[in-house]
Amino acid sequence: MKKKMIVGNWKMNPTTLEEAKRLFKSIKNDADTLKATDVVLCPPFVYIPALLNTRTETSVSIGAQDVYFEEQGSFTGEVSPLMLKDLGVTHVIIGHSERRARGETDESISKKVLLALEHGLRPILCVGEKERDEQGGHLETLKQQIKDSLNNVPKKHIDRLIVAYEPVWAIGAKEAMNPLVVYEMSLFVKKVLSDIYGHDEAISTPVLYGGSVNFRNAPDIITQGKVDGLLVGRESVNAPGFSELLKAVDIL
Ligand code: PGA
């Protein structure tokens, strides 16, 4: 059976290393009891080395929240995929809508995805429409975004690709997308991937849903939305809620 994947995007939280260690430890204890769920935590860059050090004997993987599209050089403030790989980071979120909103383009995203894949990282490529319209124009927007974000990314590398479908209007919102619509949209994402890379590649690429996921709505989103996993923001820094979520998803 294919394991479900739960990715916690901590964003710019918490504000001290002590809290980050505490949160990590508590999630790790639950995550290590799961049978059918892989857990990936994406803390801020500065906490990654310390969390990797406390990580011995755990199934929890560590991801970053961004990466740069060059290996090294004069790029002040940027972090190279080689540095992440060297630390033991395995995953990286690329193209999150909060970064797109501050100027990240499909062009830089596609370069980041390619370099991450070339260096053996698993990119979690975030895509999603800003709004929906009755005529279905958002489907065209989403399709173009996926194509542009994967521009020049060859088929031979995409076995490690993960796509997170996150409708922007559902991120940080009160409610998640209706699980049945999540199902339609995840099929659409697979269809676009299939157009680019072929049927088999599309089927084997995990598609996650993200946007206001919590321990209450997670089971329906997985079962009715038929996604391979979830990208969780706020609930991933709420230790009790995230623990409930992991347990609820694991028994599905
Ligand atoms: P949220 O964030 O779960 O707080 O809505 C999701 C995300 O931004 O990945």
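Residues numbered from 1 in each chain as written. Predicted model: local features only at pLDDT ≥ 70, side-chain atom pairs only at ≥ 80, totals over all residues. Heavy atoms only, no water.

A. Layout of the packing of aromatic side chains. Counted by the stated rule, this structure contains 3 aromatic pairs. Summarising the aromatic geometry, the rings of Y165 and Y209 are spaced 6.5 Å apart at their centres and angled 55 degrees between planes, so their arrangement reads as tilted. Residue Y165 is found in strand β6 (residues 162-165), and its partner Y209 is found in strand β7 (residues 207-210); the two are separated by 44 residues along the sequence. One exposure class covers both Y165 and Y209, and it is buried. In this structure an aromatic cluster arises from ring pairing among Y68, F69 and F75. When the ring centre of F69 is taken as origin, the NZ or CZ atom of K111, which lies over that ring, is 4.6 Å away. (Phe/Tyr/Trp six-rings, centres within 6.5 Å; stacked < 30°, edge-to-face > 60°. Helix = DSSP H or I, 4+ residues; strand = E, 2+ residues; numbered from the N terminus. Buried < 20%, exposed > 50% of the residue type's maximum accessible area, 1.4 Å probe, protein only. Lys NZ or Arg CZ within 6 Å of the ring centre and 35° of its normal.)

B. Up close: the nonpolar core. Among the nonpolar cores identified, the biggest contains 63 residues, and V113, L150, Y209, L230, L245 and L246 are the most heavily contacted of them. The element contributing the most residues to this core is helix α7 (residues 179-197), with 7 residues. Not counting residues up to four positions away in its chain, the partners in contact with Y209 are Y165, P167, A170, A176, M177, V182, I221, V227, G229, L230 and L231. (Core = buried A, V, L, I, M, F, W, Y, C linked by side-chain atoms within 4.5 Å. Contact = heavy atoms within 4.5 Å.)

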